[in-house]
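Structural characterization, general
The residues making up each chain are set out below.
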Amino acid sequence: MKNLMTQETGSPQSLEQVAADSYQPNHEVEVKKADSLTKIEDLRINFFRLLLRFGQSHDNLLVAKVLHRLHLAAAIRAGESNLKRVKVDGARTVAAEQEASGTPELNFSLRILVLGKTGVGKSATINSVFDQPKALTDAFRPATEHIKEVVGSINGVKVTFIDTPGFLPSSTSNLRRNRKIMLSVRRFIRKSPPDIVLFFERLDLINMGYCDFPLLKLMTEVFGNAIWFNTILVMTHGSSTPEGPTGYPISYESHVSQCTGLMQHYINQAVSDSKLENPVVLVENNPHCKKNLMGESVLPNGQVWKSHFLLFCICTKVLGDANTLLEFEGGIELGPLITPRVPSLPHLLSSFLKHRSAPCPGESEPDVDEILLSDADEEDDYDQLPPIRIMTKSQFEKLTKSQKKDYLDELDYRETLYLKKQLKEESRRRRERKLSGEENFGEDSNSDPQQASPEAVLLPDMAVPPSFDSDCTIHRYRCLVTSDQWLVRPVLDPHGWDHDVGFDGVNMETAIEIRKNVYASITGQMSKDKQDFSIQSECAAAYADPRGRTYSVGLDVQSSGKGTIYTVHSNTKLKNLKQNVTECGVSLTSFGNKYYVGTKLEDTMLVGKQLKFVVNAGQMRCSEQVAYGGSLEATLRGGDYPVRDDRISLSMSALSFKKEMVLGGGFQSEFRPVRGMRMAVNANLNSQNMGQVNIKISSSEHIEIALVSVFSIFKAILDKKMTENKSRELLEMG
């Protein structure tokens, strides 16, 4: 220990000094906790003194909430060792003694920012709170032209109002002026931020047609989201009650609830947070307002608005000071704008792992060609069938039930053989084109190259929603099918209600062969209205190597709010064995200032003609975050595949992100339960108890309507049963 020397004096350190230095960080933490706890205790004492000074009861619901929050703040700072120091009764006694003696002086003040449209009563409310004219008011023109501070004292508490010029109603012409006012207010409060923000609106001017969302959105963009966290909604003309649809005044409570709910809805939209809930204070500045025995203005619900207004301001300031002591975020900050939503890594990875077919027109799946090729040497059963007589409807009705079944089975058998023959011929033509090197894959060998292109064909009018336009059908959206490779058609909006807005956008598709073994496809949809423009497009190009390899590259563009997601992906498919196909791919996704890189490996194995296994694995990386995933799918196909696409699939998947694993399972089936009906069943469930069941039925006998009715009735009975069980459980518990 004698060799331990201090750097400044060079004197040896004792064991006590070394021990003290080793425990110094812990001691500083304890001192910091004790100092914060003392400040919270002082804040609690000041709050009790304010309640006594303004004549507020401790039984008030708002007061109880603030006291509970202060108790939680003290418990957080005290920890387990000093939890006994958190005592409410002691602070109440000390506050009563200090308020009686007047010492020490109450160290509490309010700094309030006033915002709102012109003419809503901002300056009049300031005068009403001080009970004297401190701010100019005018009923015919804006009274406040510049930002100014209105300072006064209420029951010994210093109150400073920052009165601002009123905003103009939302419109394109007023946007620049409103932004200029907000920027000037932003500069004014930068050096000394307010404790509370009051946003004013007139209660008598809010109805179902009210919409001032552009103004609220502009405030959020200029001041930031945090401006709303300490904002109180002030509704002036609080004693007004409009007439209802029947001509009689509606309930005051329901009117206030409806108006405040509408305002809160637009604020939540502006902040993009549905959980935000701002307190509401009703104000009435009319001198003829009803008064109580003390001469205080009273609202129709019997509430003294001035004391309620001051209590809300005091509670908001106290809670803000408590958050500052606890170093919580959420104060009034002039921070950044709304953070754009970014796609999650697991979602991008699951989308990337899905199988993506290469854009090769006229090309089929390799397993289909293998199945048809294995049957190529067999005798064509369709040509060997004897002729069959096709019955009319009246002749068919005369048959017995068993004869009808045999007749329909025979037709199904012949149809299956015919379709199989067509697929074989198409597969044979594809092989011949590859061997001969023909470039015009869509033309027959005996077609005349000089033959004129067919004329354009007018498609039938699309079914649009009910409209109130004229009966003239000349000016309508038309869709033509021509010999051109491009297919352009309008996209119908299912929620549209007129021809002017019945079409949501334009869809374009094309798939062409650029040169031998080089293919390209483009699919896109665009929509545009007065405010938003969105686009979704997929562009891909592929090269099919005659040796069995396929190389593809693509670009996907998708609108996401005000941003756009760009994805570049590339795949390589290799047929290494006769019954095995391996595929690997990479992708790069760009959104905002972030880039996501993904890689995957997929293998497809065929067992016979009916069993197919697909296994894949991949990862998606962004900065230091990585998501891993993979899936295994087994598919059992029907005996008539590929003519009849009956199949049953079982799949398992796993996603790992941030040390959390999510396992999932899925079931897919598509089959024909009876003649004339097609059914598809999809179901999935993961380890987080999330899943879905999807059933689709298509029928030519129109019995799906009856099935939907049966399902609806069954669901209603099940819901009723569950409700009765819950009611029985509540009765047993209570």
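Residues numbered from 1 in each chain as written. Predicted model: local features only at pLDDT ≥ 70, side-chain atom pairs only at ≥ 80, totals over all residues. Heavy atoms only, no water.

Defined as follows: UniProt positions are given in the numbering used here, feature names are shortened, and annotations may be inferred rather than shown by experiment.
Looking at an unreviewed UniProt entry, one finds the protein chain named AIG1-type G domain-containing protein and attributed to Populus deltoides. Quoted straight from UniProt, the Subcellular location (unreviewed entry) entry for the protein chain says "Plastid, Chloroplast outer membrane". For the record of the protein chain, the UniProt heading Cofactor (unreviewed entry) holds the text "Mg(2+)".

What about the overall build of the protein chain?
Where we set the bar: The helix and strand labels rest on DSSP assignments: H or I over at least four residues marks a helix, E over at least two residues marks a strand, and numbering proceeds from the N terminus. Only protein chains enter the accessibility calculation, which uses a 1.4 Å probe; a residue whose area is less than 20% of its type maximum is buried, one above 50% is exposed, and one in between is partly exposed. The contact criterion used throughout is that any non-hydrogen atoms of two residues lie within 4.5 Å. Every accessible area reported is derived by Shrake-Rupley at a probe size of 1.4 Å, with residue values counting cover from the shown protein chains alone.
Counting secondary structure elements, the protein chain contains 15 helices and 22 strands. Here the protein chain, with 734 residues, has 33% of them falling under the buried criterion. By sequence separation, contacts in the protein chain at least 24 residues apart represent 55% of the contacts at least 6 residues apart. About 46200 Å² of surface is accessible on the protein chain, with carbon and sulfur atoms providing 55% of the total.

Quick look at the confidence of the model for the protein chain
For clarity, the threshold we go by: A residue's pLDDT is the predictor's confidence in that residue, given on a scale from 0 to 100.
Mean pLDDT over the protein chain: 77, with 73% of residues reaching 70 or higher. Scored below 50 in pLDDT, residues 1-25 shows 15 contacts in the model against residues more than four places distant or in partner chains. Contacts for the low-pLDDT stretch residues 329-339, under 50 throughout, to residues beyond four places or in other chains number 30 contacts.

Quick word on the sheet that holds strand E4 (residues 196-202)
Convention followed: Paired strands are those between which DSSP finds at least two bridges. Angles here are taken between N-to-C directions and fall from 0 to 180 degrees, while the axes themselves are lines fitted to C-alpha atoms, restricted in helices to the stretch in contact.
The 6 strands are arranged E2-E3-E1-E4-E5-E6 in an open sheet whose pairing can be described as mixed. The open sheet is flanked by strand E2 (148-154) and strand E6 (280-282), the only strands paired with a single partner. Averaged over all adjacent pairs, the angle separating strand axes in this sheet is 25°, with direction ignored. By the bridge criterion, 5 bridges tie strand E1 (residues 109-116) to strand E3 (residues 157-163) in an arrangement that is parallel. Pairing of Leu-110 across the sheet is with Val-159, part of E3. Contacting E1, E2 and E3, helix H6 (residues 175-190) crosses the sheet at an angle of about 170° to E1. Where helix H9 (residues 305-325) meets the sheet, it contacts E1, E2, E3, E4, strand E5 (231-236) and E6, and its direction lies at approximately 110° from that of E1.

Quick look at the packing of helix H7 (residues 213-223) against helix H8 (residues 252-271)
What counts is decided by this rule: Geometric relationships in this document are graded by angle, where less than 35 degrees denotes roughly parallel, more than 145 denotes roughly antiparallel, 65 to 115 denotes roughly perpendicular, and other angles denote oblique. In this scheme, a crossing is called left-handed if the near helix is turned counterclockwise away from the far one by less than a right angle; it is called right-handed if the turn is clockwise. Charged residues are taken to be Asp, Glu, Lys and Arg, nonpolar residues to be Ala, Val, Leu, Ile, Met, Phe, Trp, Tyr, Cys and Pro, and polar residues to be all remaining types, Gly included.
Between H7 and H8, the shortest axis-to-axis distance is 9 Å and the interhelical angle comes to 40°. Viewed along their axes, H7 and H8 adopt a mutual orientation that is oblique. Considering only the axes of H7 and H8, their crossing is right-handed. Each of Phe-213, Leu-216, Lys-217 and Thr-220 in H7 lies in contact with H8, whose residues at this interface are Tyr-266, Ile-267, Gln-269 and Ala-270. The residue makeup of the contact of H7 with H8, split by class, is 5 nonpolar, 2 polar and 1 charged.

What to know about the environment of Val-281
Within the secondary structure, Val-281 sits in strand E6. Sequence separation between Val-281 and Thr-236 is 45 residues; the distance between their C-alpha atoms is 8.6 Å. What Val-281 contacts, discounting residues up to four positions off in sequence, is Ile-232, Leu-233, Val-234, Met-235, Phe-309 and Phe-312.

What about the packing of aromatic side chains?
Condition: What counts as a ring pair is set by centres within 6.5 Å for rings of Phe, Tyr and Trp (its six-membered ring), and what kind of pair is set by the plane angle: stacked under 30 degrees, edge-to-face over 60, tilted for all other angles.
Counted under the stated rule, the structure contains 4 aromatic pairs. Where Trp-305 meets Phe-309, the ring centres are 6.4 Å apart and the plane angle is 70°; that geometry is what we call edge-to-face. Here Trp-305 and its partner Phe-309 are both found in helix H9, 4 residues apart, which amounts to about one turn of the helix. This pair shows no difference in class: Trp-305 is buried, exactly as Phe-309 is.

Some thoughts on the environment of Phe-54
Its place among the elements puts Phe-54 in the loop between helix H2 (24-53) and helix H3 (61-78). Phe-54 sits in the buried class, given a relative accessible area of 17%. The spacing of Phe-54 and Asn-155 is 101 residues in sequence and 7.2 Å in space, taken between C-alpha atoms. Sequence-distant contacts of Phe-54, that is, excluding residues within four places in its chain, are made with Ile-154, Asn-155, Val-157, Leu-310 and Ile-314.

Considerations on the side chain of Asn-616
Where we set the bar: We define a polar contact as two N or O atoms separated by no more than 3.5 Å, with the added condition that, inside protein, one atom must be a possible hydrogen donor and the other a possible acceptor, whereas residues neighbouring each other in sequence contribute only through side-chain atom pairs.
Tracing the sequence through the fold places Asn-616 in strand E17 (residues 611-622). With a relative accessible area of 8%, Asn-616 lands in the buried category. In terms of polar contacts, Asn-616 uses its side chain to reach the backbone carbonyl oxygen of Leu-353, at 3.3 Å. Within the local environment of Asn-616, its side chain forms a polar contact with the side chain of Ser-631, the two groups lying 2.7 Å apart. In contact with Asn-616, not counting residues within four places along its chain, are Leu-353, Leu-601, Glu-602, Gly-630 and Ser-631.

A word on unusual backbone geometry
Omega for the peptide link from Thr-103 to Pro-104 comes to -10°, which places this bond in the cis form. Look at His-237: it is not a glycine, yet its phi comes out positive at around 55°. Take His-237: it is sitting in the loop between E5 and H8. Despite not being glycine, Lys-659 has its phi angle at roughly 60°, a positive value. With respect to the secondary-structure elements, Lys-659 resides in the loop between strand E19 (647-657) and strand E20 (660-671).

A word on the environment of Pro-165
Take Pro-165: it is sitting in the loop between E3 and H6. For the pair formed by Pro-165 and Asn-178, sequence separation is 13 residues and the distance between their alpha carbons is 9.4 Å. Beyond its immediate stretch of four places on either side in the chain, Pro-165 contacts Gly-116, Thr-144, Glu-145, His-146, Ile-147 and Ile-181.

Side note on the nonpolar core
Threshold: Residues enter a nonpolar core if they are buried and are Ala, Val, Leu, Ile, Met, Phe, Trp, Tyr or Cys, with the set joined through side-chain atoms within 4.5 Å.
Judged by nonpolar contacts, the single largest core of 78 residues is most densely connected at Phe-47, Leu-115, Phe-161, Leu-198, Trp-228 and Phe-309. The leading source of residues in this core is H9, at 10 residues. Beyond its immediate stretch of four places on either side in the chain, Leu-198 contacts Ile-112, Leu-113, Val-114, Leu-115, Phe-161, Ile-232, Val-234 and Phe-309. Residues Leu-345, Phe-352, Tyr-596 and Phe-657 belong to the second largest nonpolar core, which totals 10 residues.

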